[in-house]
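Report on the structure
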Amino acid sequence: QVHLVETGGGLVQPGGSLRLSCAASGSIFNIYHMGWYRQAPGKQRELVAVITSGSSTNYADSVKGRFTISRDNAKNTAYLQMNGLKPEDTAIYYCNVRWGVNGAYDSWGQGTQVTVSS
C-alpha cells in the first residue's frame, strides 16, 4: 500500500502565490518521477509539471515561468511553487508518482483544491 498526501491548496487572489506539497510513503520504492496534474470543472485532467529522480523537469506551456516543481528525495516529497496565479489556474491539483521496478506502478493523491479569484 502506498500513500500520497497533498497539502497547500487554498484560495488566493490573482497574482498571488501558493506552494503545494506531496509526500509519498508506505511501500513505495524506486520513484522514477513525481508530478502534478490538475483538473478544472468541465475540463480534462492535464499535466502541470513533472520532475524526475535526476531533477529534470517538464512544464505545461501555460505555467512555464510561473510554476516551479522541486523535490526532496530523502523525504520522497515533491513541491509545486505557484507564482503569478491566474483565475484559469483554478482546479483540483493531483500529485502523481511513477515508481517500482522499471517504473511499473503509478499512484495518485486525493487532490487539493486551488482557487484563484478576486
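See the structure shown above.
Quick summary incoming for the structure in this document. Model, not experiment: these values are computed from the prediction.

Examining the overall build of the protein
A tally of helices and strands in the protein yields 0 helices and 11 strands. Ordering the α and β elements of the protein from the N terminus gives β-β-β-β-β-β-β-β-β-β-β. Radius of gyration (C-alpha) of the protein: 14 Å, near the 13 Å computed for a compact globule of 118 residues. Taken over the C-alpha atoms alone, the protein extends approximately 45 × 25 × 25 Å along its principal axes.

Looking at the state of the cysteines
The full count for this structure, using the stated rule, is 1 disulfide. Bridging Cys22 to Cys95, the disulfide has an S-S length of 1.9 Å. Between Cys22 and Cys95, the S-S torsion sits near -80 degrees, and that sign places the bridge as left-handed. Of this pair, Cys22 sits in strand β3 (residues 18–26) while Cys95 sits in strand β9 (residues 91–99), and the two are 73 residues apart along the sequence. Per residue, the accessibility class of Cys22 equals that of Cys95, and both read buried.

Examining the sheet that holds β3
Taking strand neighbours across the sheet as the criterion, the 4 strands line up as β1-β3-β8-β7 in an open arrangement whose pairing is antiparallel. The sheet is open, and its two borders are formed by β1 (2–7) and β7 (67–72), each paired with just one other strand. The sheet shows a mean angle of 15 degrees between the axes of neighbouring strands, direction not considered.

A closer look at the packing of aromatic side chains
Applying the stated criterion across every chain yields a total of 3 aromatic pairs. Pairing Phe29 with Trp99 gives two aromatic rings, centres 5.6 Å apart and planes at 75 degrees, and the pair type is edge-to-face. Residue Phe29 is located in the loop between β3 and β4 (33–39), and its partner Trp99 is located in strand β9; the two are separated by 70 residues in the primary sequence. Using a relative accessible area of 9% as the deciding quantity, one classes Trp99 as buried. An aromatic cluster is built from Phe29, Trp99 and Tyr105, whose rings are joined through pairwise contacts.

Things to note about the side chain of Glu6
Inspection of the secondary structure puts Glu6 in strand β1. Among buried charged residues, Glu6 stands out as having no salt bridge; its nearest opposite-charge side chain is Arg45, 8.5 Å away. Reaching out from Glu6, the side chain makes a polar contact with the backbone nitrogen of Gly111 at a distance of 2.4 Å. Not counting chain neighbours up to four residues away, the residues in contact with Glu6 comprise Ser21, Cys22, Trp36, Tyr93, Tyr94, Cys95, Gly109, Gln110, Gly111 and Thr112.

Examining the pairing of strand β10 (residues 105–108)
Every regular strand shows the same layout, with side chains that alternate between the two sheet faces. Note: β9 against β10, 4 bridges, orientation antiparallel. Paired with Val97 across the two strands is Ser107, which belongs to β10. Taking the residues that link successive antiparallel strands as the turn, the β9-β10 hairpin has 5 residues, and the phi of Gly100 there is positive, at about 95 degrees.

Definitions and cut-offs
- Residues numbered from 1 in each chain as written.
- Predicted model: local features only at pLDDT ≥ 70, side-chain atom pairs only at ≥ 80, totals over all residues.
- Heavy atoms only, no water.
- Helix = DSSP H or I, 4+ residues; strand = E, 2+ residues; numbered from the N terminus.
- Rg over C-alpha atoms; globule rule 2.2 N^0.38 Å.
- Disulfide = S-S within 2.5 Å.
- Buried < 20%, exposed > 50% of the residue type's maximum accessible area, 1.4 Å probe, protein only.
- Pairing = 2+ DSSP bridges.
- Axes fitted to C-alpha atoms, helices over the stretch in contact; angles between N-to-C directions.
- Phe/Tyr/Trp six-rings, centres within 6.5 Å; stacked < 30°, edge-to-face > 60°.
- Lys, Arg positive; Asp, Glu negative; His and termini not counted.
- Salt bridge = Lys/Arg side-chain N within 4 Å of Asp/Glu carboxyl O.
- Polar contact = N/O pair within 3.5 Å; in protein donor to acceptor, adjacent residues only side chain to side chain.
- Contact = heavy atoms within 4.5 Å.

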